[in-house]
Amino acid sequence: MTGEPKPVIVGVTGASGSVLAKRSVELLIDAGERPILVCTDAGAEVWKHEMGGAIDAWASSAGVMMVDIRDVGAPVASGTTETKGMVVVPCSMGTAAAIAHGLSVNLLQRAADVTIKEARPLVIVPRESPLSVIHLTNMLTLARAGVRIVLPVPAFYAEPKTVDDVVEHIASRALGALGIATGLENSYRYRRSGD
Ligand SMILES: Cc1cc2nc3c(=O)[nH]c(=O)nc-3n(C[C@H](O)[C@H](O)[C@H](O)COP(=O)(O)O)c2cc1C
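Bear in mind that the values here come from a model prediction, so they are computed numbers and not experimental data. Every chain's residues receive numbers from 1 upward, in the order its sequence appears when written. Owing to the predicted nature of the model, reporting of local features is limited to residues with pLDDT of at least 70; listing and counting of side-chain atom pairs is limited to 80 or more, with chain, interface and lining totals taken over all residues. Calculation of side-chain values draws on the structure's entire complement of heavy atoms; hydrogens and water are dropped beforehand.

Caption draft 1: Fine view of the packing of helix α1 (residues 18–30) against helix α7 (residues 163–177). Axis definition: a line fitted to C-alpha atoms, limited for helices to the stretch in contact. Angles are taken between N-to-C directions and run from 0 to 180 degrees. Working definition: helices are DSSP H or I runs of at least four residues, strands are E runs of at least two. Numbering for both runs from the N terminus. In the contact formed by α1 and α7, the axes pass within 9 Å of each other and the chain directions differ by 60 degrees. Of the possible angle classes, the one that applies to α1 and α7 is oblique. Read as a crossing pair, α1 and α7 show a hand that is right-handed. Contact residues: V19, L20, R23, S24, L27 and L28 in α1; V167, E168, I170, A171, S172 and L175 in α7. Each residue is assigned to one of three groups, with Ala, Val, Leu, Ile, Met, Phe, Trp, Tyr, Cys and Pro labelled nonpolar, Asp, Glu, Lys and Arg labelled charged, and all others, Gly among them, labelled polar. Partitioning the contact of α1 with α7 into residue classes produces 8 nonpolar, 2 polar and 2 charged. Angle categories: roughly parallel below 35 degrees, roughly antiparallel above 145, roughly perpendicular from 65 to 115, and oblique for all the rest. Crossing handedness is defined as follows: a turn of the near helix away from the far one that is anticlockwise and smaller than a right angle gives a left-handed crossing, while the clockwise case is right-handed. For this analysis, residues touch if any pair of their heavy atoms sits within 4.5 Å.

Spelled out as structure tokens, the structure:
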């Protein structure tokens, strides 16, 4: 044993919202956690489009371990590797469907499948609009399997002033659902009439 904390798996897919993944990883690091990144091919494509660079270059500059999506023999593909759980952020409808049906065709899907079977916390941040009955049915299947679903929607009562405020709030809610405190959960306030 190295004495390192158990890792938190962060799955990144090709849904819009790469910045949510980046902020989630940063908040995990700030909280003293050990994120392990797994990104789908589409996730890497969307990251490049939305963030203007490569996710693996960012991960290496941030000192974050990133595991190849094709490496289905990686430690996080096995239930014997203890983790604190997994967050899939952002989560595409394709990956949500695959996890709901246990497909496990890549490392991200396999790690999610393992997280569910080992009864560890799994949180997804699914992004699509509008949602079809297929999307909703898959999410219901996941919720019934104990997966927490955190929507990437603004909390207007938090009076966000910037996109960063919105991103940070969503990322902290996703990590909170995983049981990881960021200290930001109550950083907003309710505006009462007359304030
Ligand atoms: C710029 C861009 C934005 C996308 N946004 C979404 C999205 O918000 N939600 C979604 O489900 N798919 C979105 N897609 C489509 C997915 O990337 C595509 O379905 C992909 O096959 C998902 O693969 P993955 O689940 O392995 O990452 C987007 C694609 C691109 C190129």
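Continuing now.
Caption draft 2: Representation of the site of the ligand in the model. Here, proximity means that at least one heavy atom of the residue falls within 4 Å of the molecule or strand. Surrounding the ligand, one finds 13 residues, the nearest of these being G14, T40, S92, T95 and R127. As used in this structure description, the phrase polar contact means that two N or O atoms lie within 3.5 Å; if the pair is within protein, one of them must be able to donate a hydrogen and the other to accept it, and residues adjacent in sequence are counted only when both atoms belong to side chains. Between the ligand and E128 there is a distance of 3.5 Å, counted from a nitrogen atom to a side-chain nitrogen or oxygen. Here, Shrake-Rupley sampling with a 1.4 Å probe gives the accessible areas, and only protein chains in the shown set may cover a residue. Here the ligand, which alone exposes 640 Å², has 62% of that area covered by the protein. Those elements that place two or more of their residues in the shell around the ligand are α2 (41–51) and α4 (93–100). Among the elements that make up the shell around the ligand, the one with the highest residue count is α2 (3 residues). Class assignment of the residues belonging to the shell around the ligand gives a composition of 4 nonpolar, 7 polar and 2 charged.

Caption draft 3: Structural view of the packing of aromatic side chains. What counts as a ring pair is set by centres within 6.5 Å for rings of Phe, Tyr and Trp (its six-membered ring), and what kind of pair is set by the plane angle: stacked under 30 degrees, edge-to-face over 60, tilted for all other angles. Counted by the stated rule, this structure contains 1 aromatic pair. Centroid distance W47 to W58: 5.3 Å. Interplanar angle 40 degrees. Geometry classified as tilted. With W47 in helix α2 and W58 in helix α3 (residues 55–62), the pair connects residues that are 11 residues apart, well separated along the chain.

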